[in-house]
Amino acid sequence: MSIHVVLGIETSCDETSCALVLNGREVLSNIVASQDAVHAPYGGIVPELASRCHVERIHSIVEEALKKANLSLREIDGIAVTSGPGLMGSLIVGLSYAKALAYALKLPFCGVNHLEAHLQAIFLEKPLPYPFIGLLVSGGHTSLYDVRGVGDFTILGTTRDDAAGEAFDKVAKILGLGYPGGRKIDELSKLGNPSAISFPRPFLEEENFDFSFSGLKTAVLNQVNRLGRLTDQEIYDFCASFQEAVVETLLYRAFKALEKKQYQRIVVAGGVAANSRLRNAFETKGNARGIEIFFPSLSLCTDNAAMVAALGYQYLSLGRRDAWDLGAFASGR
Ligand code: KG4
Ligand code: ZN
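Residues numbered from 1 in each chain as written. Chains lettered and ligands numbered in written order. Predicted model: local features only at pLDDT ≥ 70, side-chain atom pairs only at ≥ 80, totals over all residues. Heavy atoms only, no water.

Trainee: Please clarify how the sheet that holds strand β7 (residues 142-149) should be interpreted in this entry.
Mentor: Strand order in the open sheet formed by five strands is β8-β7-β6-β9-β10, and the pairing between neighbours is mixed. Each edge of the sheet is formed by a strand with only one pairing partner; in this case those strands are β8 (152-158) and β10 (292-294). Each strand of the sheet is rotated relative to its neighbour by a mean of 25 degrees, with strand direction disregarded. Both strand β9 (residues 265-269) and β10 contribute to a ladder of three bridges, which runs parallel. Counterpart to Ile266 in the pairing with β10 is Ile293. Each of β6 (132-137), β7, β8, β9 and β10 touches helix α8 (residues 232-261); the most contacted strand, β6, lies at about 160 degrees to it. (Pairing = 2+ DSSP bridges. Helix = DSSP H or I, 4+ residues; strand = E, 2+ residues; numbered from the N terminus. Axes fitted to C-alpha atoms, helices over the stretch in contact; angles between N-to-C directions. Contact = heavy atoms within 4.5 Å.)

Given below as C-alpha cells:
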C-alpha cells in the first residue's frame, strides 16, 4: 500500500498535538493544545503535570484533527510519532497512543526525531533542495546541523549550557514578564534600545560552532540586581539588548557554518525561529550575502504534529516500519 495520508502525533514537551498531512506536503489539519496555562504558575514546565495533561487531552485532540481534516481513521495510511528527544513521561503518552492506534488499525508506524521534524517543517510550505545548514533554536535545543537528506544530517555545534529559548524564558522570568517569555521579550524589544546595555557575546572569538547562553542570562540577572526596581523603559531596553546579543550570536555562528560548508541555504526552525528580530537579521544578512533563508511560518516553528507527520511520510514512504517495542529517548541530537 502506498503512503498518502499520515497521522502525526507530538507530545515531547508541553504541547499535545495531532495532525493529518497529505503526501508529506499538504496540512489537512494540525491541532495544537498548549499547556502554557498549566505550567505558568510554576514559572516553567513541570514534567509530571505535562504527562498527565497529555493523557487527558490526547484522544480528543486526535478526534479533533480527524474531524477538521474531514477524514475517518480508515482513511489513514500510516502513523508517525515523536519518539524523542523530550520529556520521558510526555513522550511515552504519545508513543503508546500511536502504537495502540497503529496496532488496532493494522497500519505502518514509525517514530521520528523531534529535532529532525523541526527541520522538516519548512517542506510543508516550500520544497527546497538539499544540502542546507539547519539552525534549530527552541526551548530545549540550540544546534547547527549539516543537512544532506532525509535521515542524513550531522551536528556541527550545540549549546554548552542553556538553549536559546530557555535563556529567553529565564530572562523573562528575571524581568517579571511571566512564562513562557520568548514572545513577550520579542514584543517588548520593539519599544527598547538594543544598544542600551552591553551584554557579552560568548565564544564569538572561538573557531567552533558551539553556543553558550548561561553567562548572558547571569549578566542580565546581575544588572537587574544592581539597578533594583526597573522602569518600563528600562525593561524594554533590557529585552532589546538581551535579544540583540542572542540574535547576533546565532547569526554569526550560522553564517560561519554556511561559509565552512560552502552552502547557499539555511533553514532556521524551532520556537525561537518565531522571533521577529531573528527573522529580520537573517533575512538582511542573507540578502547581502546571496544566501537563501528559510523560516517556517510561525505556527510551524513551535511544536506541532504536522512536522512529525511530514517527516514520518518520508520515512514510511522509504519503507521504514518500527517495531512495537520502539522506546522513547529523552536526550540526543
Ligand atoms: O520549539 P518549541 O515550541 O518547544 C521546544 O521544543 O522547546 O520552542 C519553545 C521556545 C520557548 O522557550 C519560547 O519562549 C520560545 O520558543 N519562543 C520565542 C518566541 N516564540 C517562542 N523566543 C523568542 N521569540 C519569540 N517570538
Ligand atoms: Zn520543539
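Trainee: How do you make sense of the coordination of the zinc ion (ligand 2) when you look at a structure like this?
Mentor: Coordination angles at a metal have ideal targets, namely 109.5 degrees for four tetrahedral donors and 90 or 180 degrees for six octahedral donors. Protein coordination at the zinc ion (ligand 2) comes from His114 (NE2), His118 (NE2) and Asp303 (OD), with a distance range of 2.1 to 2.2 Å. Around the zinc ion (ligand 2), the four donor atoms sit at angles spanning 92 to 153 degrees, and that spread fits a shape best called irregular. Within one chain, the residues donating to the zinc ion (ligand 2) are spaced in sequence as H-x3-H-x184-D. Here His114 and its partner His118 are both found in helix α4 (residues 114-120), four residues apart, which amounts to about one turn of the helix. (Donors = N, O, S within 2.8 Å, 3.2 Å for Na, K, Ca; no water. Tetrahedral: all angles 85-135°; square planar, octahedral: opposite > 155°, others 65-115°.)

Trainee: For this particular structure, what's the right way to read the domain arrangement of the protein?
Mentor: By a widespread convention, an interface's size corresponds to the accessible area lost as its parts come together. For the protein, the domain assignment lists domain 1 (5-120 + 301-317) and domain 2 (129-295). If you average the C-alpha positions of domain 1 and of domain 2, the two centres end up 27 Å apart. With 19 residues of domain 1 at the contact, the number on the domain 2 side is 21 residues. For the pair domain 1 and domain 2, the summed buried surface comes to about 1500 Å²; carbon and sulfur atoms form 71% of the total. Three residues stand out in domain 1 for area buried against domain 2, namely Leu115, Leu119 and Cys301, and they jointly supply 42% of the buried area on that side. The interface formed by domain 1 and domain 2 contains zero salt bridges. (Domains from an automatic or database assignment. Buried area = accessible area lost by both parts, 1.4 Å probe. Salt bridge = Lys/Arg side-chain N within 4 Å of Asp/Glu carboxyl O.)

Trainee: Is there a simple way to explain the environment of Gly215 in this structure?
Mentor: Mapped onto the fold, Gly215 is located in helix α7 (residues 214-227). In this structure Gly215 comes out as partly exposed when scored by relative accessible area, which is 36%. Spatially, the C-alpha atom of Gly215 lies 37 Å from that of Lys126, the residues being 89 residues apart in sequence. (Buried < 20%, exposed > 50% of the residue type's maximum accessible area, 1.4 Å probe, protein only.)

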